[in-house]
Each structure stands twice: as C-alpha cells, then as structure tokens.
Amino acid sequence: MAGFLLPETQGQDVTTTTTPHARTKLPRGIWVLGFVSMLMDVSSEMIHALLPVYLVTVLGASTLTVGFIEGIAEATAAITKIFSGALSDWLGRRKLLAALGYGLAAVTKPLFPLAPSVGWLVAARFIDRVGKGIRGAPRDALIADIAPAGLRGASFGLRQSLDTVGAFVGPLSAIGLMWWTSDHFAAVFWVAVVPAFLSFGLIAFAVEEPEPDASREPAKNPLNAAAMRQLGPIYWRIVAVGVVFTLARFSEAFLILRAQNIGLNAMWVPAVLVLMNIVYALSAYPAGALSDRINPTALLALGLVVLACADLALALLPDLTGLALGVVLWGLHMGLTQGLLSALVADTAPPALRGTAFGYFNLFTGLAMLAASVIAGALWDAYGPVGTFLAGLGFTLAALVGLLAIGNGLTVEDKG
C-alpha cells in the first residue's frame, strides 16, 4: 500500500512507488488466481446456498446445528491455514500447497450429494474446509509475492471481486437448477462438482510461481516465538482488528435462514447470496484500489457503520424490502473490509513470513467465526432472528468503538 512504512529492523519490502504504467496493469498471475477462486466459489456457493435449508427442512437439523456446522467448518479452515502458511514459508514455495488445497476441495465435492445424514454432511463440510485451509494462506502469500508493492490493495481487491463473482454465479445457478429439477437438492450438488475440478486444473497448469529471491533464506521455523515477534506489533494489531470484525458478523447461512423465516420459497432462497455477492464483487476492487491511496482506518470504520445498518434492517424489517436492504448493506460491508484486511497483512508481514502471517490471521479470525456462528445459532433458537441480528448490532458498535480508539495505529504514517 502506498505510504506504508515499517520499522527497518523487520527488513521488509516497503516499496511505495510504481510507474504510471504499472499502476494500470496488474500481473497476469493475479488475474489467473482470481479466476481460480471464482470457479471454486461457483462450486462451493451452489452447495452453500442450499445447505442450510437442506439441513433444516430435509434432514431436520436445528438452527443451532447449522451455526455449529458453519462455525466448525470455518474454524477448521482457519486452523489448517496456519500450518499450510508456515509450511509454504519453510519450503519457500506457495503454488504446490495452494494447488493441493484446491484439489482436495474438488475431490470432496461429490460427498455432498452422496451424504445420507447430518453426520455425513458434517464430514463433507469438514474435509472441504480442510482443502480451503490448505490453499488459503499459500495462495494469499503467492498473490503478495506476485503483486507490486504499490498495487497490493488493488491486487487483493481484484481477486476478491472475481472470487465474489463466483459467489453470486453459484447461487444464481442453484436457483435455475432448483427450478429445472423441481427442487432436487442432490442434482444441484452434483453439478457443483464440475467447476471445482476446472478450478484445480487452472491453478495446476496456468499459474506460474515467481522464482524465490536468492538473497532471502526460507524461514527455518515459522511457528516459533521468535518468528511471531518478527511479525511486529503493527501486524498483530491488524490481527486483533480482524478478530473483532469477525465477531461482529457471523456466517451468511443466517441470511439464508432469515430469507426462509420471512417466507421466501426454497427455490429463491439462494437469491440472498446472489444479491449480497453482486454488491460484494462490485465494491471490493474499488475499495481495494482506494485503500492503496488513503489511510485504511476510515474504510474499515465505514464498513462497520454499514454492517450496523444491515443488522438493523434484518432485525426490524421482517419483509422482502428489509431483507433486500440488509443483504445489500451486508455485501457492501464485505467489499469495504475483507480485501483491505488481506492487503494490510501482506504489507506488514516480512516477505519470508507472509504465509505464516496469513495463517495466523486466518486462524484467529476463523476461531472468532466459530464463536460468532455458534452464538448466533443459540440466540436464534432462543430469541428468533430479531435477537440474533440485534446482538450482531451490539458487537458491531463495540468493534467500531475499538477501531476508533486505535485511530491511525494500523499505519506508521498517513498515506500520501
């Protein structure tokens, strides 16, 4: 990010200027990795858009069970990321692990239509998220390695936008397939297998990993206390911000359940994720590019304000208009914050420890997602959707107060 200066003792890459031409052209590898993410998200979101309703209406699971499954799934991915990220730093290579993660996710997709019970679906979701965990930190570190320093916000924003295109194409495809198959869940899950394998093929054969810097030695033990200290106080402050942000929201499964709660037909429930992800995709790249030029705290604060408004709409407006407003604001919040947090991690971590840095970030935010989703599920069972979203509002306002207290503590100096 432009203007991001780090302590010299960390020995980090802090290039802050690029040529006008470089600012207009992102590397080919960033685009390819974006399409890899897009295809896998088409597959995953075709399943995810229907899975909560399938669990509740077909298999008879409670909303607490849905929250538990979603939280465990994301926590599993987060815990796996710390080890895969550290391993990528130790090897000095990122692509192999990223491709392995995408491959594992692809081969587990057939488990979803074959699962006869909740237990099998928990296992399928668990293994699928292990694949996500293996690929996540090495892929993000690979993006940071490929992207010019002054374009990291735009690079992560582009990948997030393309990823999110997949996240609305997937549910949109699920709607069409549910109509075509007369609400045949398993048939939709089988179709979702195809883009998953296309994603794996793309990263395996079309992504070129840059040669490692000969002057940079791979990290010998990225998970020891010395390496944690080397990441630096600014990085750990960003991790804390990410955790609080995650506690302030919960799995998008509860947006789907809110749609069902107000009476939306099962075939149209995936439209919730379509709408959310269209807004997310349209906002992520502009927000990422803007974050290369201004202090990030303002964008993060704006994202929390937007999330608070989303919680209010979802809690107090129990109709289609309120649902649509809440979902749009939820997607805008994601676009303003998620790519920016990744870019902050990339900018503050030493190059030799980028995989580990993304691993720690995803570990702690994943555990926060587990807590947030289980709490949301319990509140839903006890108090209904109003209690759940009003509790989300409370967490969001607390996060906003904490972020404003930090002020400019995410940067050493203001961006120019």
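So, a few notes on the structure that sits alongside this text. (Residues numbered from 1 in each chain as written. Predicted model: local features only at pLDDT ≥ 70, side-chain atom pairs only at ≥ 80, totals over all residues. Heavy atoms only, no water.)

**Focus: the packing of helix α7 (residues 118-146) against helix α17 (residues 354-406)**
And step 1. Where α7 meets α17, the axes come as close as 8 Å, and the angle between the chain directions of the two elements is 135°. Between α7 and α17, the angle is such that the two are oblique. Considering only the axes of α7 and α17, their crossing is right-handed. Where α7 approaches α17, its residues A137, D140, A141, A144 and D145 are matched on the opposing element by R354, G355, F358, G359 and N362.
And step 2. When its residues are assigned to classes, the contact of α7 with α17 shows four nonpolar, three polar and three charged. (Axes fitted to C-alpha atoms, helices over the stretch in contact; angles between N-to-C directions. Helix = DSSP H or I, 4+ residues; strand = E, 2+ residues; numbered from the N terminus. Parallel < 35°, antiparallel > 145°, perpendicular 65-115°, else oblique. Left-handed = near helix turned anticlockwise from the far one by under 90°. Contact = heavy atoms within 4.5 Å. Nonpolar A, V, L, I, M, F, W, Y, C, P; charged D, E, K, R; others polar.)

**Observations regarding the pattern of salt bridges**
And step 1. Following the criterion strictly, the structure yields eight salt bridges and no others.
And step 2. As a salt-bridge pair, R129 and D128 come within 2.7 Å of each other at their nearest N and O atoms. Of the two residues, R129 and D128, both sit in the buried class.
And step 3. Through salt bridges with shared partners, a single network forms among D89, R94, D145 and R354. (Salt bridge = Lys/Arg side-chain N within 4 Å of Asp/Glu carboxyl O. Buried < 20%, exposed > 50% of the residue type's maximum accessible area, 1.4 Å probe, protein only.)

**Observations concerning the packing of aromatic side chains**
And step 1. What the rule picks out here adds up to seven aromatic pairs.
And step 2. Measuring from ring centre to ring centre gives 5.9 Å for F156 and F358, while their planes differ by 35°; the resulting arrangement is tilted. Taken together, the residues span a long stretch of sequence, with F156 in helix α8 (residues 152-180) and F358 in helix α17 at a distance of 202 residues. Summarising the burial analysis for this pair, F156 and F358 share the class buried. (Phe/Tyr/Trp six-rings, centres within 6.5 Å; stacked < 30°, edge-to-face > 60°.)

**Digging into the packing of helix α3 (residues 51-58) against helix α13 (residues 253-261)**
And step 1. α13 packs onto α3 with a crossing angle of 55° between their chain directions and a minimal axis gap of 9 Å. Overall, the two elements α3 and α13 adopt an arrangement that is oblique. Here the hand of the crossing between α3 and α13 comes out right-handed. Only A253, I256, L257 and Q260 of α13 make contact with α3, whose side of the interface consists of P52, V53, V56 and T57.
And step 2. Across the contact of α3 with α13, the residue classes break down as six nonpolar, two polar and no charged.

**Describing α8**
And step 1. For α8, which comprises 29 residues, the first-to-last C-alpha distance of 42 Å matches the rise-based estimate of 42 Å (1.5 Å per residue) to within 8%.
And step 2. Of all the 29 residues making up α8, 22 are buried; the element is thus mostly covered by neighbouring parts of the structure.
And step 3. Looking at the residues trailing α8, positive phi occurs at S182, about 55°. (Expected span 1.5 Å × (residues − 1).)

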